[in-house]
Amino acid sequence: MKSIGLIVPYFGTLPKQRFQLTLESCKRNNTIDWILITDDKTDYKYPENVKVVYQTWAEFVQFVKDNIYRRLRIKVEIDRPYKLTDYKPLYGDLFQRYLSAYDFWGYTDISDIIYGNLRKYFVESDLEQFEKLNFLGHLTIFKNTKEVNERYKLPMNGNISIEDILSSPENFAFDESQRDSIHRIYLDNNFPFKRIDEMVADVSPLRFAFQLSKFDNNYQQYYEPFIETIFSYEQGSLFEWQIKNNNYIISKEIGYMHFQKRMLNSKIKTYNGSFIITPYGFIDQQNIDLKLIKKSSPRKIYIPFFKLKWRALLKKIKKN
């Protein structure tokens, strides 16, 4: 079996109300390792396959700056953790001291994800055939070779270079953007990769009820029409449940759920390895029926998203 290591720098306070559930979902994927670099020293029950490296933001930034200067001879801008989206595709090159033992390495988010059975989607035949699986910033893996790990240095349509991206304080989403990204390099050069769209439920932050974000064949993002939806985590497997035609339920297994910009807290009273995920939070496992899904899927605007956008706008105005 090909070994996989996922590296996750995270600075700030991890979401205490739900993070242990994420760690439990990591634990169930015991053939995959997570390397978490963080300054949050909260006493979580970390499973053996989540290896924690405690480091301050300043120490991490200095390490990245020094190593990129040695490789590219440029001075980089990295003044806030959000800028790390532009650095994710470099992790395989920068962090070999943590990743050298793995056949594949990857980047992922960890504060807003619940993982299902990842090996059901990262199958051996694909790991033999492709050097990159998936294309989004919340979970993508690469073959761990020097050649692959340095692909970030290649040009993207001749429009911009990695030097331009890293020396600017602006965020380019180099980990996943349609135009200037590591995936654009793969598309332009016909490097072997595979999309596994059925693996992820990427929940939109635009409404309260769960609505899924998708990408078409041209990598243009769109949103699935509103369908009443909840999820269940069952002893290491993750399932999506939806109501069709207002009268019957369909379900399917997925690899992971990404619920960006949501303050989902745990209301679980007795954790037994299974639970349900609704827009209201994590609740105890129970029978999933039409009533539960409808009750959990009200059609209303998600106010916290607009608050975040407003704060970001004020910060931008103040900065200018």
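Model, not experiment: these values are computed from the prediction.

Draft legend 1. Summary view of the sheet that holds strand β11 (residues 221-223). Reading across the sheet, the 5 strands line up as β5-β15-β9-β10-β11 and stay open at both edges, with mixed pairing between neighbours. The open sheet is flanked by β5 (113-115) and β11, the only strands paired with a single partner. The mean angle between the axes of side-by-side strands here comes to 30 degrees, regardless of whether they run parallel or antiparallel. Relative to strand β15 (residues 256-258), strand β9 (residues 200-203) runs parallel, the two being bridged by 3 bridges. Paired with Val200 across the bridge in β15 is Tyr256.

Draft legend 2. A look at the pairing of strand β1 (residues 4-10). β1 sits mainly inside the fold: 6 of its 7 residues count as buried. In this structure, β1 lies alongside strand β4 (residues 104-108), joined through 4 bridges in parallel fashion. Counted as the bridge partner of Gly5 is Trp105 from β4. Sheet analysis places β1 next to strand β2 (residues 32-38), joined by 7 bridges and oriented parallel. Residue pairing in the sheet places Leu6 in a bridge with Trp34 of β2. With respect to chirality, the unit in which β1 leads through helix α1 (residues 19-28) into the neighbouring parallel β2 is right-handed.

Draft legend 3. Structural view of the pattern of salt bridges. Considering all chains together, one arrives at 16 salt bridges under this definition. In this structure, Lys146 and Glu150 form a salt bridge, with 2.7 Å as the shortest nitrogen-oxygen distance. For Lys146, a relative accessible area of 61% puts it in the exposed group. Measuring nitrogen to oxygen at the nearest pair gives 3.7 Å for the salt bridge that ties Glu147 to Arg151. Under the relative-accessibility criterion, Glu147 is labelled exposed at 57%. Of the residues examined, Arg151 reaches a relative accessible area of 7% and is grouped as buried.

Draft legend 4. Expanded view of the side chain of Ser232. Counting through the fold element by element, Ser232 comes out in strand β12 (residues 229-234). When its relative accessible area of 0% is taken as the criterion, Ser232 is described as buried. In this structure the side chain of Ser232 is engaged in a polar contact, spanning 2.8 Å, whose partner is the side chain of Trp241. Beyond its immediate sequence surroundings of up to four residues, Ser232 is in contact with Ser237, Leu238, Phe239, Trp241, Phe275, Ile276, Gln285 and Ile288.

Draft legend 5. Geometry of the side chain of Ser181. Note on placement: Ser181 falls in the loop between α7 (162-166) and α8 (182-189). Separated by 2.7 Å, the side chain of Ser181 and the backbone oxygen of Ser177 make a polar contact. Non-local contacts of Ser181, meaning those with residues more than four positions away in its chain, are made with Met156, Ala173, Phe174 and Glu176.

Calculation criteria
Residues numbered from 1 in each chain as written. Predicted model: local features only at pLDDT ≥ 70, side-chain atom pairs only at ≥ 80, totals over all residues. Heavy atoms only, no water. Pairing = 2+ DSSP bridges. Helix = DSSP H or I, 4+ residues; strand = E, 2+ residues; numbered from the N terminus. Axes fitted to C-alpha atoms, helices over the stretch in contact; angles between N-to-C directions. Buried < 20%, exposed > 50% of the residue type's maximum accessible area, 1.4 Å probe, protein only. Right-handed = clockwise from strand over helix to strand, strands pointing away. Salt bridge = Lys/Arg side-chain N within 4 Å of Asp/Glu carboxyl O. Polar contact = N/O pair within 3.5 Å; in protein donor to acceptor, adjacent residues only side chain to side chain. Contact = heavy atoms within 4.5 Å.

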